[in-house]
Amino acid sequence: MRRLVSRKKALTLVKELDAFPKVPESYVETTASGGTVSLIAFTAMALLAFLEFFVYRDTWMQYEYEVDKDFSSKLRINIDITVAMRCQFVGADVLDLAETMVASDGLHYEPVTFDLSPQQRLWHRTLLMIQDRLREEHSLQDVIFKTVLKGSPTALPPREDSPSQSPAACRIHGHIYVNKVAGNFHITVGKAIPHPRGHAHLAALVSHDTYNFSHRIDHLSFGEEIPGIINPLDGTEKVCTDHNQMFQYFITIVPTKLNTYQISADTNQYSVTERERVINHAVGSHGVSGIFMKYDISSLMVKVTEQHMPLWRFLVRLCGIIGGIFSTTGMIHGMVGFLVDVVCCRFQLGVYKPREMGLLEDHVKNETLAPPLEATENHTH
């Protein structure tokens, strides 16, 4: 018995703590305005929940910066450049900060035609349009990071027709490994030869009239080559106005670790500043004709990680949407009803009297107006 009594007391205590009391259906009154507001609320909930689901599915890129402590590894340079000179007249090599000449065995020289075919020209124009958009809207780089390996390849498509003229240009493509220090990759007249005090190019046998360093950079990247990534110099095309002309590209390389849901890679981003001038010793413009890419490596490393909204946060935001709409529509419905009552002058005396009080007053009024029963009977007799 005592256990039964204690259980009843505990049950009674739990009932008193009920924060969601139930109202009998006989006391609930439904109205057309309430149904309309409920319909609007349910529609808004469904729409916002649908949009929130798309936000939950979307991802964003998080950028973190730290000091790059890896100085012992090699840096890979991926090159695909077409120069408007014959392959036997030009040479490409790398000279690093320690005046060390790096072997360019990984580079291939291929005789080609400098002018592009219609299909290649269309590809080149599309690439330039993308580059212009990237310069204006930097957030598009996040889209490129997330869609790597999905987009079209960034390499120049093969030529679909056979050129009528003999190839007068040289395509230099491939990759080389250099020390992770500042250096200078250059393409100039003559093949490079080793020298005890540096290096030199055999340019004495090449006539100045054949100098033409008009060039097109189809691809230039540092580190692991990732399909779909567009680099700042991809698609750059320069045309010489003089035989003796120097093109300089000052490149700052930023080591980058890319971690997305599709790929994880150690690569590099870079920024570039361009400069070109005509070599004329008579007016004090000294130098060597050619294409020079001077690169330097930043001491900071960027970690790019693709982030996703966790499930618990999505559920919390969903509950906030549902609860907020319920509360807001309830307050709006009550406020609108109050204003309607005020406008319609329904706050007059007696309008909001309870139904039982109204019936009692009608009964008393009828009793007062009716004649007494005894008086009526005496008058009849």
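Residues numbered from 1 in each chain as written. Predicted model: local features only at pLDDT ≥ 70, side-chain atom pairs only at ≥ 80, totals over all residues. Heavy atoms only, no water.

The protein chain appears in an unreviewed UniProt entry as Endoplasmic reticulum-Golgi intermediate compartment protein from Hucho hucho. What UniProt records for the protein chain under Sequence similarities (unreviewed entry) is the sentence "Belongs to the ERGIC family." Word for word, the UniProt comment on the protein chain under Function (unreviewed entry) is "Plays a role in transport between endoplasmic reticulum and Golgi." (UniProt positions renumbered as here; feature names shortened; annotations may be inferred.)

Caption draft 1: Fine view of the pattern of salt bridges. In total, this model carries 10 salt bridges according to the counting rule given. Measuring nitrogen to oxygen at the nearest pair gives 2.9 Å for the salt bridge that ties D80 to R171. Pair noted here: D80 is in strand 2 (residues 74-83) and R171 is in strand 6 (residues 169-179), with a separation of 91 residues, a long-range link. For the salt bridge of E110 with R171, the shortest nitrogen-to-oxygen distance reads 3.4 Å. With a gap of 61 residues between them, E110 in strand 5 (residues 107-112) and R171 in strand 6 connect regions that are remote in the sequence. On the basis of relative accessible area, R171 is assigned to the partly exposed category, the value being 25%. (Salt bridge = Lys/Arg side-chain N within 4 Å of Asp/Glu carboxyl O. Helix = DSSP H or I, 4+ residues; strand = E, 2+ residues; numbered from the N terminus. Buried < 20%, exposed > 50% of the residue type's maximum accessible area, 1.4 Å probe, protein only.)

Caption draft 2: Broad picture of the nonpolar core. One finds F185, I187, F213, L220, I251 and M293 to be the most contacted residues of the largest nonpolar core, which totals 36 residues. Listed by contribution, the elements that provide at least two residues to this core are strand 2, strand 3 (90-96), strand 6, strand 7 (183-189), strand 10 (215-222), strand 12 (245-259) and strand 14 (290-297). With 5 residues, strand 2 is the single largest residue contributor to this core. Sequence-distant contacts of L220, defined by excluding residues within four places in its chain, comprise I77, N78, I79, N231, L233, D234, I251, Y270 and M293. (Core = buried A, V, L, I, M, F, W, Y, C linked by side-chain atoms within 4.5 Å. Contact = heavy atoms within 4.5 Å.)

Caption draft 3: Inspection of the pairing of strand 10 at higher detail. For strand 10, the tally of buried residues reaches 8 of 8 residues, placing the bulk of the element in the interior. Bridge count for strand 2 against strand 10 is 7 bridges, and the pairing is antiparallel. Bridge pairing in strand 10 places T82 opposite R216. Pairing of strand 10 with strand 11 (residues 236-238) involves 3 bridges; the strand directions are antiparallel. Along strand 11, the bridge assignment pairs R216 with E237. (Pairing = 2+ DSSP bridges.)

Caption draft 4: Layout of the sheet that holds strand 6. An order of 5-6-2-10-11 is seen for the 5 strands of this open sheet, with the pairing classed as antiparallel. The open sheet has two free edges, formed respectively by strand 5 and strand 11, since each of these has just one partner strand. Ignoring strand direction, the axes of neighbouring strands in this sheet form an average angle of 15 degrees. As defined by bridge partners, strand 5 adjoins strand 6 across 6 bridges and the pair is classed as antiparallel. In the strand pairing of strand 6, L107 is matched with G174. (Axes fitted to C-alpha atoms, helices over the stretch in contact; angles between N-to-C directions.)

Caption draft 5: The state of the cysteines, seen in detail. Inspection of every chain in the model, using the stated rule, returns 1 disulfide. Sulfur-sulfur distance for the disulfide between C87 and C170 comes to 2.3 Å. Judged by the sign of its S-S torsion, about 105 degrees, the bond between C87 and C170 is right-handed. Remark: C170 occurs in strand 6 and C87 occurs in the loop between strand 2 and strand 3; sequence separation between them is 83 residues. (Disulfide = S-S within 2.5 Å.)

Caption draft 6: Structural view of a nonpolar patch on the surface. On the surface, a nonpolar cluster with roughly 570 Å² of combined accessible area is contributed by L47, L48, F50, L51, F53 and F54. Residue placement: F53 occurs in helix 2 (residues 32-57). Overall, the relative accessible area of 37% leaves F53 in the partly exposed class. (Patch = residues over 30% accessible without salt bridge, like charges linked within 9 Å, V, L, I, M, F, W, Y side chains within 5 Å. Areas by Shrake-Rupley, 256 points an atom, 1.4 Å probe, with all protein chains shown as cover.)

Caption draft 7: Structural view of the packing of aromatic side chains. Taken as a whole, this structure holds 7 aromatic pairs when the rule is applied. For the pair F53 and F54, a centre-to-centre distance of 6.3 Å together with 75 degrees between the ring planes defines the contact as edge-to-face. Exposure remark for F54: the relative accessible area of 43% places this residue in the partly exposed category. Their ring planes at 85 degrees and their centres at 5.4 Å tell us that F222 and Y270 sit as a pair that is edge-to-face. Highlighted residues: F222 in strand 10 and Y270 in strand 13 (residues 264-278), separated in sequence by 48 residues. Y270 shares its class with F222; the two are buried. Through successive ring pairs, a cluster of aromatic residues spans F50, F53 and F54. (Phe/Tyr/Trp six-rings, centres within 6.5 Å; stacked < 30°, edge-to-face > 60°.)

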